[in-house]
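One-letter residues, chain by chain:
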Amino acid sequence: MTKVALVTGAGQGIGQAIAERLVKDGFKVAVVGRHLDKVQKVADKINANGGEAIAIQADVAKRAEVFAAVAETKEKFGEFNVIVNNAGVAPTTPIMSVTEEDMNWTWGINVNGVVWGTQAAADAFMSLGHGGKIINATSQAGVQGNPNLTAYGSTKFAIRGITQTTAKELAEFGITVNAFAPGIVKTPMMWDIAHEVGQNAGQDDEWGMAQFSDGITLGRLSEPEDVANVVSFLAGEDSNYVTGQTIVVDGGMVFH
Ligand SMILES: NC(=O)C1=CN([C@@H]2O[C@H](COP(=O)(O)OP(=O)(O)OC[C@H]3O[C@@H](n4cnc5c(N)ncnc54)[C@H](O)[C@@H]3O)[C@@H](O)[C@H]2O)C=CC1
Ligand SMILES: CC(=O)C(C)=O
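These numbers were taken from a predicted model, which means no experiment stands behind them.

A. Here's a closer look at helix H2 (residues 36-48). Over its 13 residues, H2 extends 18 Å from the first C-alpha to the last, a length consistent with the 18 Å expected when each residue adds 1.5 Å. The set of residues buried in H2 consists of Val39, Val42, Ala43 and Ile46. One face of H2 carries all of its buried residues, which in axial projection span an arc of 95°. For H2, the exposed residues set more than 90 degrees away from the buried face come down to Asp37, Lys41 and Ala48. Positive phi appears at Gly50, one or two residues downstream of H2, with a value of about 95°.

Below is the structure:
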């Protein structure tokens, strides 16, 4: 039977690559994001290439919208097996200027979004009478401290904690919970950061991006597909005996 996955933040970048990879793996996919036009475009591309996808608009910071997205996916496809809680935001927040708004906004999306996705997916798996897989996006910035990323890094450390905690709570229901921790991935999020770094040094975006490639063991920044390959493993049967883990998808990077 075809399996069904929902990917948040799938209108671009890593989420889009994950949605496209899961379709190749045989999943029907719900492409979820804040902007309907973007997720619709990704779903249309998948459908035009012979896959099966639906686009759903939802803000992951809002619990009701996440539950509605999972319910719509389950109803349209008649199944639900995997959620990838991928949506995230990454403001640059030097410690002496970080604001209450920065903290609340970043935590609302990155952390609360993972909690709502976990609840909604687990509820759907249980209602269908089977287990499932919950896969969360953390970051190398959730494994080691990165300067100027207090808001973001704190959310990504929290996501690893939530992954371990919920893996223990949900194991008895046949649900696994794991996380992936990318290094520096060439997506719109990272180009925004590269733009800021370049601008602060009077340089261009390419120069800004190049600052992140120093010292990577594998000698290159990662592509969204490098991350999607790991998520494919976490979404598939070969990871059935893996839970509570974070897989670091990182060529050995140094953030500075
Ligand atoms: N690009 C990188 O170098 C790294 C990214 N990550 C993580 O991977 C995940 C994906 O990142 P990228 O693809 O690079 O980011 P991106 O910014 O290129 O794409 C993220 C997508 O999430 C959506 N999104 C943001 N807030 C949302 C909300 N409240 N509700 C629904 N959708 C929302 C955005 O509209 C966007 O389409 C994020 O959780 C990020 O923190 C982790 C490590 C490195
Ligand atoms: C955006 C991100 O996750 C970084 C810089 O590790």
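Don't stop here, the text continues.
B. Main features of the site of ligand 1. Taken together, 29 residues sit near ligand 1, with Asp59, Asn86, Tyr152, Val185 and Thr187 positioned nearest. Within the side chain of Tyr152, an N or O atom sits 2.5 Å from an oxygen atom of ligand 1. Protein chains bury 95% of the 820 Å² of accessible surface belonging to ligand 1 in isolation. Elements that contribute at least two residues to the shell around ligand 1 include exactly helix H1 (13-24), helix H5 (150-170) and helix H6 (188-200). Ranked by residues supplied to the shell around ligand 1, first place goes to H6 with three residues.

C. Spotlight on the sheet that holds strand S5 (residues 132-137). The strand order across the open sheet built from seven strands is S3-S2-S1-S4-S5-S6-S7, with neighbouring strands paired in parallel fashion. Strands with a single pairing partner mark the edges of an open sheet, and in this sheet they are strand S3 (53-57) and strand S7 (246-249). Here the strands of the sheet are splayed against their neighbours by 20° on average, with no regard to which way each runs. Sheet analysis places strand S4 (residues 82-85) next to S5, joined by four bridges and oriented parallel. Pairing of Ile83 across the sheet is with Ile134, part of S5. Each of strand S1 (4-8), strand S2 (28-33), S4 and strand S6 (175-182) touches H1; the most contacted strand, S1, lies at about 170° to it.

D. Structural view of unusual backbone geometry. In this structure, Asn148 takes a positive phi of about 70° despite not being glycine. Residue placement: Asn148 occurs in the loop between S5 and H5. The exposure class of Asn148 is partly exposed, given its relative accessible area of 41%.

E. Quick peek at the pattern of salt bridges. One pass over the full model with this rule turns up seven salt bridges. The salt bridge partner of Asp25 is Arg21, with a shortest N-O separation of 3.0 Å. The class for Arg21 is partly exposed, based on a relative accessible area of 28%. When the shortest N-O distance is used, the salt bridge between Arg220 and Asp226 registers 2.8 Å. Under the relative-accessibility criterion, Arg220 is labelled partly exposed at 46%. Overall, Asp226 belongs to the partly exposed group, its relative accessible area being 22%.

Rules of the game
- Residues numbered from 1 in each chain as written.
- Chains lettered and ligands numbered in written order.
- Predicted model: local features only at pLDDT ≥ 70, side-chain atom pairs only at ≥ 80, totals over all residues.
- Heavy atoms only, no water.
- Helix = DSSP H or I, 4+ residues; strand = E, 2+ residues; numbered from the N terminus.
- Expected span 1.5 Å × (residues − 1).
- Buried < 20%, exposed > 50% of the residue type's maximum accessible area, 1.4 Å probe, protein only.
- Arc of directions from axis to C-beta.
- Near = heavy atom within 4 Å.
- Polar contact = N/O pair within 3.5 Å; in protein donor to acceptor, adjacent residues only side chain to side chain.
- Areas by Shrake-Rupley, 256 points an atom, 1.4 Å probe, with all protein chains shown as cover.
- Pairing = 2+ DSSP bridges.
- Axes fitted to C-alpha atoms, helices over the stretch in contact; angles between N-to-C directions.
- Contact = heavy atoms within 4.5 Å.
- Salt bridge = Lys/Arg side-chain N within 4 Å of Asp/Glu carboxyl O.

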